[in-house]
Amino acid sequence: MVNSSHHQVVGRFAPSPTGALHTGSLVAAVGSYLMAKQSGGRWLLRLDDLDTQRQLPGMADDIMRALESFGLLWDGEVACQSRNLGEYLRAFETLQRGGVIYPCRCSRKEIARSASAPHSGDDGVPYHGSCRDGMKEGAKGDPPIRSWRVRVPEEEICFYDLRSGRLCQKLPSVSGDFIVRRGDGEFAYQLAVVVDDYAAGVNQVVRGEDLLSSTPRQIYLQRLLGFPQPEYCHLPLVTGGDGSKLSKRDHLLSHGLSNLAGREQTLLLAALRFLGLTPAPDLVECSCSDILQWGVTHFDPLRLPAHGGTLVF
Ligand code: GLU
């Protein structure tokens, strides 16, 4: 385990301001907060605002106000991906100098067509690698460069997840050579998150299980860039009533848009129960910061439930 006493834990919560805080992101915020604070660590807030097209105005503020109303107070300045573009470029150039990335002209449609069997993972179809050994020489009217991809190795990437134990993945069968930068210059989440966490000294990544399958790609980039690997804990996912992924209408914790006020303690207790804790019901009378303090004292990643579900409150 990475948490040795001479090295301060730095955890983080990294919401994308594409919608208000919802029950799933509340659980990720609480889980990452408890885990960082349990080791006397710092808990940072970063707004993952790279995807400008999907952002909604005012959401970053809304998320911050909602976190404050739960007593989830971050340490230091709020980081923003949109202010880190120079760091991404430096990392991209390092990869380029290392000869591990290449330009690609394939469109999503072509990649989907290339799949020999239908593949319905969150990661879509693994890239078939047709630009790996150079793009076809350009007759006039060639499509533009659509992306820059990193070559992935055949060997498994293994890591230890504090909830799920040792996990291994072969990148060629999940993502194939994956995108680190789009043709229009925008950096991909996988590269940005690795650079952001490194730049902020984050050494503990606690987040929803939906990102578990991305973790080996991120570890691979850390290795290529010579960054230390944080410890990982992927939390069970909050789902809709029918077990489906949370959708926009489940974004019920918006500070401005809903009647959150007065329900913070109830929701916090629900999040603690979701994370495997059994708080006494009368804790609901306490302040949010007392409830969080109780959580910090009692949280145990080994008792995180194996499965997610709805957040009952
Ligand atoms: N911004 C990502 C999201 O909201 C989370 C990134 C991460 O925790 O690595 O899903």
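Reference entry: report on the structure contained in this document. Everything numeric in this text was worked out from a predicted model, so none of it was measured.

**Details of helix H3 (residues 85-97)**
- Here H3 is 13 residues long and its end C-alpha atoms lie 18 Å apart, about the 18 Å a rise of 1.5 Å per residue gives.
- Along H3, the residues that are buried comprise Tyr 88, Ala 91, Phe 92 and Leu 95. Down the axis of H3, the buried set is contained in an arc of 100 degrees. They therefore lie on one face. Exposed positions of H3 whose direction lies more than 90 degrees from the buried face are Arg 90 and Arg 97.
- Buried residues along H3 sit in contact with strand S4 (101-104), strand S5 (147-150), strand S8 (178-182), helix H6 (189-199) and helix H7 (215-225).
- A positive backbone phi angle near 70 degrees is found at Gly 99, which sits one or two residues after H3.

**Describing the environment of Phe 159**
- Among the structural elements, Phe 159 can be located in strand S6 (residues 157-161).
- Sequence separation between Phe 159 and Pro 216 is 57 residues; the distance between their C-alpha atoms is 7.6 Å.
- Once you skip the residues sitting within four places of it in the chain, Phe 159 turns out to touch Gly 165, Arg 166, Leu 167, Leu 212, Thr 215, Pro 216, Ile 219, Gln 229 and Tyr 232.

**Some words on the packing of H3 against H6**
- For the pair H3 and H6, interaxial distance at closest approach is 10 Å and the crossing angle is 110 degrees. Taken together, H3 and H6 sit at an angle that is classed as roughly perpendicular. Once H3 is placed against H6, the crossing between them reads as right-handed. Within the contact between the two elements, H3 uses Glu 87, Tyr 88, Ala 91, Phe 92 and Leu 95 and H6 uses Leu 191, Ala 192, Val 195 and Asp 196.
- Within the contact of H3 with H6, the residues separate by chemical class into seven nonpolar, no polar and two charged.

Parameters at a glance
Residues numbered from 1 in each chain as written. Predicted model: local features only at pLDDT ≥ 70, side-chain atom pairs only at ≥ 80, totals over all residues. Heavy atoms only, no water. Helix = DSSP H or I, 4+ residues; strand = E, 2+ residues; numbered from the N terminus. Expected span 1.5 Å × (residues − 1). Buried < 20%, exposed > 50% of the residue type's maximum accessible area, 1.4 Å probe, protein only. Arc of directions from axis to C-beta. Contact = heavy atoms within 4.5 Å. Axes fitted to C-alpha atoms, helices over the stretch in contact; angles between N-to-C directions. Parallel < 35°, antiparallel > 145°, perpendicular 65-115°, else oblique. Left-handed = near helix turned anticlockwise from the far one by under 90°. Nonpolar A, V, L, I, M, F, W, Y, C, P; charged D, E, K, R; others polar.

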